[in-house]
Amino acid sequence: MYESPIREPLVTGGKTNADVTRDITRPLENKPTKAWWIGFIISAFCLCLLLWNLWTSSTVGLGLWGINKTVGWAWDITNFVFWVGIGHAGTLISAILLLFRQKWRMSINSSAEAMTIFAVLCAAIFPLFHMGRVWIGPYWALPLPNAFGSLWVNFNSPLLWDVFAISTYFSVSLLFWYIGLIPDIATVRDRATTKVRKFIYHFFAMGWDGSVRTWARYEVVSLILAGVSTPLVLSVHTIVSMDFATSVVPGWHTTIFPPYFVAGAIFSGFGMVLTLLVVARKVMNYENYITSGHLEAMCKIVMLTGSMVGLAYITEFFIAWYSGVQYEQYAFLNRMSGEYWWAYWSMMTCNLIAPQVFWIKWARTTPWFIFVMSIIVNIGMWFERFVIIVTSLHRDYLTSSWVMYYPTWTEVGIFVGSFGLFFTLFFLFCRFLPVINIAEIKSILPHKHDDHHAPSEHPHEHIAYSNENPAPGHTNFNNDNH
Amino acid sequence: MVKSNFLKPLIIPAFVGLLSFSSVCAQDTGAGEKLFTENCASCHVIEGTKSIGPNLRGVTKKHKEEWLLKWIKNSQALISSGDATAVKLYEDNNKTVMSNFESLSDGEIKSILTYVETAQVSTVKVNPENPEIVNTNELTTAAGNSGFYSNTTLLVLLALVVVLILIGILLGRVKGMMRQMLAARFPDNIELNKPSWYEGKFLPWFKNLNPTIATLVAVLLVAVVAGGAYFKYANTEIGVQQGYAPTQPIAFDHKLHAGDYKIDCQYCHSTASFSKQASVPAVNTCMNCHKHIDAKDKYNGEVSPEIQKIRTAYEKNVPIKWIRIHNLPDLAYFNHAQHVTVGKVECQACHGPVETMHKVEQFASLQMGWCVNCHRQSDVDVANNGYYEELHKKLQGMGRKAISVEKNGGLECGKCHY
Amino acid sequence: MENKTKYWKGLEELNREPGFVQANKNEFAEGLPLDEVFSENNMSLSSNRRDFLKFFGFSVSAVALAACNKAPVKNVIPYVVKPEEVNPGIPNWYASTYEGLPVLVKTREGRPIKIEGNTKGYAGGGVDASGQASVLGLYDSERLDVPTKGGQPSNWKTVDGEIAGKLASIAAAGGAIRLVTGTVNSPSMLAAISEFTAKYPTTQHVTYDAISYSGIIEANKMCFNKPVVPQYKFDQAKVIVSFGADFLGNWISSTEFTYQWAKNRRLLNGEKEISKHYQFESLLSITGSKADIRMPHKPSQQGGVVIALYNQIAKLAQRDAISSGAVELGGNSIANAAKDLWANRGKSLVVCGSNDPNVQCIVNGINELLGSYGTTIDLDNYSKQYAGTDAAFETFVNELTSGTAKGVIFCGVNPAYTYHDTAKIENGIKKLELSVAIACGVDETAKLCTYVCPDNHYLESWGDNEVKAGYYTFTQPTIDRVFDTRQSLESILVWAGNSTTAYDYIKNNWQAKQAAGFSWNESIQNGIYAAPAQSAQAYLTTVSMSQMAANIAKPASDIEFIAYESAHMRDGRDANNPWLQELPDAISKVTWDNYASISKFNADKLDVKEGDTVNISVGNLKLENVPVLIQPGQARDTVAIALGYGHKTGGKVATEAGGFNVFPARSYKNNFINNTAAGVKIEKSAKSYELARTQTHHSIEGRDLVKEASLSAWQKDPSANNHDHHQLIKNPKKNDQFYTLWEEHDNRGHKWGMAIDLNTCTGCGSCIVSCSAENNVPVVGRDEVRRRREMHWIRIDRYYRFMPQTPNPDDQQAGRGFTKAGDLGIGETDGYTDEEHKDWFDHVSVSHQPMLCQHCGHAPCETVCPVLATTHSNEGLNQMTYNRCIGTKYCANNCPYKVRRFNWFRYNDNDKFDYYMNNDLGKMVLNPDVTVRTRGVMEKCSFCIQRIQYGKLQAKLQNRKVMDGEIKMACQQSCASGAIVFGDLKDPNSEISRLYRNQRAYHLLDELNTQPAIVYMTEIRNNDYPSASSQQDHAKAGHEESENHKH
């Protein structure tokens, strides 16, 4: 039982199981609100932007981008790392917090995981389309047997590691998310009225019947998946960081990258979760499920990770100075005081300085302020990647090849478009799937009457009969004993 | 079709070739003989019916050796220099230009001459109705019009299948309706009211399927089929056209020339030994022989239409647009000299038994895998080429005989792609 | 190699038919039905074009582009009668001549595709950028394909008839006929002209060189009564002093001079000394960039500076000095120069770029005092490359304007563009009864003329040139005429009523000559015939130097204008050549434009930065919005703009390049055209304009990229400033700090390596064009260069450092430049605005560093490619496999040398890049042995792998080892100074191995342990001065120097 006199409840407003189901399935069953429509149309428009720009840059040529002979990666990879980073919070919340039995995660994990999936989808766009020959790239980058006297891929290349890391990450997260949703989908199915809804949810529910067997399986699978995906939280961004760390480019070639990137990823991930939830809970009035307690907890994490990232920034400088390598030293001086100083300083302010306000309780508990902060964090983290990639590349060894990089509209379009994709998916998610995990949230409802059976031990009963039965615990329990 | 039995007329004059060639080839091979077959045999026989050039038996008695050397190396020079014998010879052989053999060393020429004198010729009678050759015509004609196995037939068949299936379904429906009507008529007839296989077996089974699994399986099946189809399509797209045997503007028969007459490949594809391309022979090369070989007697006095094509081309000064069979993509660099001369690879190794093909077809897939395989299996001939001297020493040091092309870097991208 | 250096002289060799012409016809005459072949390219084929196009019969597929495109049916079209020497897949080499320079022309399937230097020639096998690019002119689809009359296409018959008729009538009426040509040194052409004059007695032959050497010719006339350009021998000179003569750039015979100059700069074959080279000039020229001591001065001071030197020398020679007009320069430089010159009498040479006879006379005076005549200057075997005098042309212009000239034939000259007062020419031509232009394309002059007779490209022509007295070079066609053109020689003959072909005419001429030891076949085959040279005499002059000095204009005080000849654009005759337009200027690295080059000093005064523009008015020439380029090393109060730009007509590329025509800024006064002008107004304009530069950051930031040492330092220690680096090269795996994750490559057979001598590289850029021609490198145009996406596989990095004479002796000792040198790039900060550093920008030393794929032993690019598209060969090559590449660009990011180039677009069939690759004629120049890269793949220098493979194959076919020096890289082959050496490191006796062992060799960025296959040779500057004297002097000099700049 997740309840104690000293700790405030995770779900407020004295909700009953029935309320929970009703509240959470409301947006799925009622007509979409005006707010939803506006949001959806805007993001759908951005999505079209994405498609158009990807089409042109893959038919006309990457010349449409601002990159050049010296700066071969810029916005594309910046966005890639940015999105992958965002993905991390989801996995962290669902996997690690699950293992640590952090019950407060329950009301946000479903949306966080959804976010992960969508973010990884957005991320995947960039490594795909930054390839000069996207039409064969994905095929040749995979170690498949072939008729070329068997040409093999280069297992030394961090890009190849990426291919594996990202795809694994994506599939595991997807699985995890989907499994978690099954009971809720079943609930929705049972409540569904129209034939189409019935069929679709019927399909996705995988024939869930809420029996003890299914529940037992469900618990086991969740645990296993949590175990599997825990290392992913660390591995994925570690490997992404190796895209840079294994190169010889001054400013990339450093061993601090893995921890630094992971911290950054979690940082940005929570930033994005906050952005989404602060809005979602308002619009869908889930204040009672996603309480300011949740927000506060996340703010603390943001502050912590933010400081870790900041520490990494400073360490880099120390190492550069300590290494005594003039190219390394120049690279970092150039970051701070070179042509792209503004990028560097906006990164510093947004990532290191800004989050420190979360030392103040007011800041941690005021939704609108948190929202603003979360945006700032996202901006900061985008700039971090930009700084790492562009400022390191644009001035490396031979001064003769030093150049400036300026983005083109195509690149901007793709970046904005990726947000389009992300939010389109997220809006659809809010519309058609429960944003909060009904099954789990019920297990952490505060209970009026004392109860010798923690419902959390048999959370399934709540689902199976949730519609009919306000407090099904006992009956079920009795039934079990017959 | 013009091609039909165009070869018959060739047969009679073909004796000439056959006589000499077959006999020659019966000999134990010596340098002289080899050179003779490669360079001279297409125009000269040693004795017997006169070919294009005069018969060579006793030639050394007729002319002095140094004169012969001059003449063979560059007859035109000799003629234009106004050498009496030369001019006469030129006139006698109705002004047929003998091609220059500056490439041949005096030694080589001498060896040819000695061979010419020594070789004893056994005359072989060849049956004019040589079945082989008769078959040729059928084959060429067959290949000419794309026989039964064509796309149209395939489409027709497919259409047929679809129609049949539709009919099947229709009948099924009809049967069902009949059945229902009957059932309605006789409610108490168990036979009739027994649920059909569909209602009784299939439906319940289907209903019990796990919807997700079922759908996924269905999707998977479709994917597999589609994928397979695409693979097939893609394969042809990237130019894997093994067995490609287009109909050439002139029904040139490699079996006849390379097989029966044993004309050396490089007599026509002359640049193969020292150039990137093997090169299709220029019309004048064909005319070396076909100035005279016209197979009239097979076409009751008419010149064989196919040969006529060559002659017209020559007179009109219009080259023949042969269709290229072995097409490597431009991204792959292949050099004949490297393989023919240095690697000593037989033409047949890549082009297949051309000497048995009436109509040449692409023998190998010409895919990279195919090339690479050969490079894996075959060895570099380090012993007999000064270029490999160092390597050869090194290997001997290591107590090894040979080194595979692969080990010598023959699998490196830069060997073919640049 | 046998096969490679076999120069054909056409079919005669084969004794097929008697006459060569017959044979020649045969070679080109067999028909291919190209209408079919090209129907898919829907090309309209004029009859002559077919004659040519049929030619590449077999290589249809070779020309076919874009890897992986599959034509349903490929036709193979053999020759009907195969010319003996044309074998598909085998290149043939013909000796020919480009503008008097002996060259070899490489043809494949009958298409000329590459120009190389003729090693038997006087320029030692080098070819300059223009020569390399000239082959592209042949395939210029904008060439005039038929004779035109009044702009309307006509045919030869009518045109000839009418022209001959008009000429006759004019001559009959006693009207003046003028035949205007560039310098004609072809005996046959001269003969033809005399025939012409005989037929039309009123004819005069006017020689017009747009950029003339009038000054020198006049001066030699005055001094020695020899109105010629002498032959200079830079290889004989220990001390060279040049007054603004860009003899490594384009002065008279730059390729030859580069070759000679380099001989004394190498220090690789046991020499202990290098020549000492002083340069006094106004703008930073290529020559100036290689000078040991360089002093900027205003153009109007030139006379004074020359006088000053004369006086110094005179003092040493106990002759009386010139009383007035001397202009001293800082750094005691003139005195030092004098000392060095005098110390090396007879082994020294003074040259001057001035066009003023008076100045040249004084230079002659100096040379005479130094005893240069007969040693370093040869007036007997003089150069015949330039004979035109400005005065001669001026008289013609007057005849033109006055209307006394009735009929004029312009042959290969474009005065309507190159003359300073074009209005005169235009009106003059309008007045003419008969105006004929013999030109390749419709240039400004041809546009004005009634008749335009298309001339052959030189690769389609017969010809002979007497480059120097007694030294002849021959031109032979390597291909039949592409269009219905006729070479000028024939045209002149036809109008002179002589119908013999050029071939017969030239041959007969020579047979008539009966020259000693001349054999027609041999000469044609080698492209050269040299009559035994006379012995060079010493000469004495009687002219009074003071009098000459008196005639020299006094120095001007205000801002001065310089119209200079840029190294590859010259007088603009090649403006329509995309290769040359995209070739970055050796010093400024600007492509596709000319610009106002000004000193830092003036930039600050005008408050302009790079990217700004200025309005300039010179006399009555007004130039609006000229982009500014801040040129370190340029003299203060000067504005320099390159000639050869701003074409109104003359081809798509020429007009696209645009720019400003500054010929009008020149002026004709006392018998010579002055390229400079005083009294220039210049003010900042509101507009801004971004120049397309391939390098925007010019400081080396104190990085150890270009190692240099002073001669004295090097003499003390041959590995000066290069100790540890040399150790690394001697054995890279010596100590354990070199262990590596990767297994070492086992180099079986060969290990290819390259050495680049920074001493002799002048940055001229002919290697760049050569590489582009050899490797089918696309031209991308101005905008793409601005986006920093030029595709050149080899580039030449140019770094400025402040001259050692500015206070920083340690750096000078270390041979290193200033570590905090400011950037001069667009949008980049400039550290040196404060007063005390101002003058630093007047004295910069320049380093040129050719940069191409280093073919690293541990290549960073190789490990990061996910698909193994770039791999290492066991011959030490870093191979790039285009068809495997998926274009992640990671390799480019990870390349410390930034030599990889990405195909941003499909240059070969994208209309945005309509330069040469995407029209059917232009495609003919492509090298069939090299893939044309498609969009989305990475490309880079391959070490001309096709040449390596070819060389190896030849060796195998001939059953022998590869000979050292047998395989040459494209860049190496075109380099006149021989700065690039390529070879097999496995062969301990090879040249390359020898250079690797040299103590000057170093790997670039070897601290990264990339183990490149390329070594650079430290740059040794002979800049301790005066050579003899001690450090005190130097300090003093430095002091005076800075003194000099306080005011």
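Residues numbered from 1 in each chain as written. Chains lettered and ligands numbered in written order. Predicted model: local features only at pLDDT ≥ 70, side-chain atom pairs only at ≥ 80, totals over all residues. Heavy atoms only, no water.

**Points about the overall build of chain B**
Filter applied, for reference: The helix count covers DSSP runs of H or I at least four residues long, the strand count covers runs of E at least two residues long, and both are numbered beginning at the N terminus. Each residue is assigned to one of three classes by its accessible area relative to the maximum for its type, calculated with a 1.4 Å probe on protein chains only: buried under 20%, partly exposed between the two thresholds, exposed over 50%. Each accessible area value is a Shrake-Rupley result obtained with a 1.4 Å probe; residue values ignore everything except the protein chains displayed when judging cover.
The helix and strand inventory of chain B stands at 21 helices and three strands. Per-residue burial for chain B yields a buried fraction of 40% across its 418 residues. In the form shown here, chain B has an accessible surface area of approximately 23,600 Å², with 65% of it arising from carbon and sulfur atoms.

**A closer look at the overall build of chain A**
We count it as follows: Throughout, a contact is declared for two residues whenever any of their heavy atoms are within 4.5 Å.
Looking only at helices and strands, chain A features 18 helices and zero strands. Within chain A, the proportion of its 482 residues that are buried is 60%. Long-range pairs, those at least 24 residues apart, make up 80% of the contacts in chain A between residues at least 6 apart in sequence. Summing over all exposed atoms, chain A offers an accessible surface of approximately 19,000 Å²; the carbon and sulfur share of this is 73%.

**Section: the packing of aromatic side chains**
Ring pairs (aromatic) are described by centroid distance and by the angle formed between their planes. Residue and element names in this part refer to chain A. Here is the rule we go by: Here a pair means two rings of Phe, Tyr or Trp (six-membered ring of Trp) with centres within 6.5 Å. Their orientation is stacked below 30 degrees between planes, edge-to-face above 60, and tilted elsewhere.
Under the defined criterion, the tally for this structure stands at 100 aromatic pairs over all chains. Their ring planes at 80° and their centres at 5.6 Å tell us that Trp75 and Phe415 sit as a pair that is edge-to-face. Taken together, the residues Trp75 in helix H3 (residues 75-99) and Phe415 in helix H15 (residues 409-432) connect sequence positions 340 residues apart. In this structure, Trp75 and Phe415 share a single accessibility class: buried. Both rings, one in Trp362 and one in Trp368, keep their centres 5.9 Å apart while their planes meet at 70°; by these two values the pair is edge-to-face.

**Some thoughts on the packing of helix H14 (residues 390-402) of chain C against helix H16 (residues 422-431) of chain C**
Residue and element names in this part refer to chain C. Our working rule: Between the N-to-C directions of two axes lies an angle of 0 to 180 degrees, each axis being a line fitted to C-alpha atoms and, for a helix, fitted only over the stretch in contact. Orientation labels follow simple angle bins: below 35 degrees gives roughly parallel, above 145 gives roughly antiparallel, 65 to 115 gives roughly perpendicular, and whatever is left gives oblique. Here is the rule for handedness: rotate from the far helix to the near one, and if that takes an anticlockwise turn smaller than a right angle the crossing is left-handed, while a clockwise turn gives right-handed. Under the convention adopted here, Pro, Cys and the residues Ala, Val, Leu, Ile, Met, Phe, Trp and Tyr are nonpolar, Asp, Glu, Lys and Arg are charged, and Gly plus all remaining residues are polar.
Taken N-terminus to C-terminus, the directions of H14 and H16 make an angle of 50°; their axes are 8 Å apart at the nearest point. Classified by the angle their axes make, H14 and H16 are oblique. As H14 packs across H16, the resulting crossing turns out to be left-handed. Contact residues: Phe393, Glu394, Val397, Leu400 and Thr401 in H14; Lys424, Ile425, Gly428, Ile429 and Lys431 in H16. In terms of residue class, the contact of H14 with H16 is made up of five nonpolar, two polar and three charged.

**So, the pairing of strand S17 (residues 434-439) of chain C**
All names here are of chain C. This is how the line gets drawn: Two strands form a pair only when DSSP identifies at least two bridges running between them.
Summarising burial for S17: six of the six residues are buried, a large majority. Where burial is concerned, the two faces of S17 agree: the one with Leu434, Val436 and Ile438 and the one with Ser435, Ala437 and Ala439 are both buried. Bridging between strand S16 (residues 405-411) and S17 involves five bridges; their strand directions are parallel. Bridge assignment links Ile409 to a residue of S17, and that residue is Val436. Here four bridges tie S17 to strand S18 (residues 451-454), and the two strands are oriented parallel to one another. Residue pairing across strands places Ile438 opposite Cys453, the latter belonging to S18.

**Re the interface of chain C and chain A**
The criterion, for reference: Once two parts are put together, the accessible area they lose, assessed with a 1.4 Å probe and summed over both, is termed the buried area. Definition used for salt bridges: Asp or Glu carboxyl oxygen within 4 Å of a side-chain nitrogen of Lys or Arg. Here a polar contact means two N or O atoms within 3.5 Å. Within protein one must be a hydrogen donor candidate and the other an acceptor candidate, and residues neighboring in sequence count only if both atoms are side-chain atoms.
Taken together, the 60 residues of chain C in the interface contact 58 residues of chain A. When chain C packs against chain A, close to 4,600 Å² is buried across both sides, 53% of that on carbon and sulfur atoms. In this assembly, chain C and chain A are joined by two salt bridges. In this structure, Lys898 of chain C engages Asp396 of chain A in a salt bridge whose closest nitrogen and oxygen atoms are separated by 2.9 Å. The tally of links from chain C across to chain A stands at 37 residue pairs in polar contact (both at pLDDT 80 or more). When contributions to the side of chain C that touches chain A are tallied by element, the ones reaching two or more residues are strand S35 (795-802), helix H30 (860-864), helix H31 (890-893) and strand S39 (901-902) of chain C.

**A word on the sheet that holds strand S25 (residues 612-618) of chain C**
Spatially, the seven strands line up as an open sheet ordered S30-S22-S27-S24-S26-S25-S31 (chain C), and their pairing is mixed. If you trace the sheet from one side to the other, it starts and ends with strand S30 (676-677) and strand S31 (681-688) of chain C, each paired once.

**Some thoughts on the side chain of Thr638 of chain C**
Residues and elements named next belong to chain C. Structurally, the position occupied by Thr638 is in strand S27 (residues 638-642). One polar contact links Thr638 to Gln634, side chain to side chain, over a distance of 3.0 Å. A distance of 2.6 Å separates a polar atom in the side chain of Thr638 from the backbone oxygen of Ala635. Dropping the residues within four chain positions of it, Thr638 is found in contact with Lys298, Pro299, Ile559, Glu560, Ile562, Ser597, Ile598, Ser599 and Asn602.

**Comments concerning the sheet that holds strand S6 (residues 148-149) of chain C**
Residue and element names in this part refer to chain C. Spatially, S7-S6-S18-S17-S16-S8-S9 is the arrangement adopted by the seven strands of the open sheet, whose pairing is mixed. Of all strands in the sheet, those bounded by a partner on one side alone are strand S7 (152-153) and strand S9 (203-207). With two bridges joining them, S6 and S18 adopt antiparallel strand pairing. By the bridge assignment, Thr148 is partnered in S18 with Val452. Seen against the sheet, H14 touches strand S8 (176-181), S9 and S16 and runs at an angle of roughly 135° to S16.

**Some words on the pairing of strand S20 (residues 471-475) of chain C**
Residue and element names in this part refer to chain C. By the criterion of burial, S20 is predominantly enclosed, with five of the five residues buried. In S20, alternate side chains face the same way, and those of Tyr471, Thr473 and Thr475 on one face and Tyr472 and Phe474 on the other are all buried. Where strand S19 (residues 463-468) meets S20, five bridges bridge the pair, whose relative direction is antiparallel. The partner of Asp464 across the bridge, within S20, is Phe474. Hairpin remark: S19 followed by S20, antiparallel, with two residues in the connecting loop; positive phi at Gly470, about 85°. Relative to strand S21 (residues 528-530), S20 runs antiparallel, the two being bridged by three bridges.

**Describing the interface of chain B and chain A**
Every contact between the two is made by nine residues of chain B and, on the other side, eight residues of chain A. For the pairing of chain B and chain A, the buried interface totals around 780 Å² over both sides, and the portion due to carbon and sulfur atoms is 69%. Area buried by chain B at its contact with chain A is led by Pro211, Thr212 and Met368 of chain B, which between them contribute 54% of it. Elements with a contribution of two residues or more to the side of chain B that touches chain A: helix H12 (211-237) and helix H19 (368-377) of chain B. Counting residues per element, the side of chain B that touches chain A draws most heavily on H19 of chain B, which supplies four residues.

**Considerations on the state of the cysteines**
The cut-off we apply is this: We call a pair of cysteine sulfur atoms a disulfide whenever their separation is within 2.5 Å.
In total, this model carries zero disulfides over all chains according to the counting rule given. In this model Cys265 of chain B remains outside any disulfide bridge; the closest cysteine sulfur is found in Cys347 of chain B, 4.0 Å from its own. With a relative accessible area of 30%, Cys265 of chain B lands in the partly exposed category. Free of any disulfide, Cys895 of chain C has its nearest neighbouring cysteine sulfur in Cys861 of chain C, separated by 6.3 Å. On the basis of relative accessible area, Cys895 of chain C is assigned to the buried category, the value being 7%.

**What to know about the side chain of Thr676 of chain C**
Residue and element names in this part refer to chain C. With respect to the helices and strands, the residue Thr676 is situated in strand S30. On the basis of relative accessibility, which here comes to 19%, the residue Thr676 falls in the buried class. A polar atom in the side chain of Thr676 sits 2.9 Å from the side chain of Asn674. Setting aside anything within four residues of it in sequence, one finds Thr676 in contact with Pro299, Phe561 and Ile562.

**Let's talk about the confidence of the model for chain B**
Residues and elements named next belong to chain B. Quick note on the threshold: Across the chain, each position has a pLDDT score giving the predictor's confidence in that residue, from 0 to 100.
Averaged over all residues, the pLDDT of chain B equals 76, while 82% of them reach at least 70. Per-residue pLDDT, averaged within each element of chain B, yields its smallest value for helix H8 (residues 131-144) (34) and its largest for helix H17 (residues 336-342) (90). Here residues 122-147 scores under 50 on pLDDT; set against residues more than four positions off or in separate chains, the count is 31 contacts. Scoring of the predicted complex yields 0.82 for pTM and 0.80 for ipTM.

**Quick look at unusual backbone geometry**
Comment: phi is negative for the bulk of residues other than glycine, and the bulk of peptide bonds are trans. Residue and element names in this part refer to chain C. Here the phi dihedral of Asn959 falls at roughly 60°; this positive angle occurs in a residue that is not glycine. Despite not being glycine, Asn1009 has its phi angle at roughly 55°, a positive value. Along the chain, Asn1009 turns up in the loop between strand S42 (1001-1002) and strand S43 (1014-1017).

**Some remarks on the packing of helix H8 (residues 212-245) of chain A against helix H9 (residues 257-283) of chain A**
All names here are of chain A. Packing of H8 against H9 brings their axes to within 8 Å, and their N-to-C directions diverge by 125°. Considering their axes alone, H8 and H9 lie oblique with respect to each other. Both H8 and H9 take part in a crossing whose hand is right-handed. On H9, the residues touching Val233, Leu234, His237, Thr238, Val240, Ser241, Phe244 and Ala245 of H8 are Phe257, Pro258, Phe261, Val262 and Ala265.

**Quick word on the environment of Ala265 of chain A**
Mapping Ala265 of chain A onto the fold places it in helix H9. When the C-alpha atoms of Ala265 of chain A and Val236 of chain A are compared, they prove to be 9.9 Å apart, with 29 residues separating the residues in sequence.

**Examining the environment of Ala124 of chain A**
Residues and elements named next belong to chain A. Counting through the fold element by element, Ala124 comes out in helix H4 (residues 106-129). For Ala124, a relative accessible area of 28% gives the class partly exposed. Sequence separation between Ala124 and Ala205 is 81 residues, and the spatial gap between their C-alpha atoms is 28 Å.

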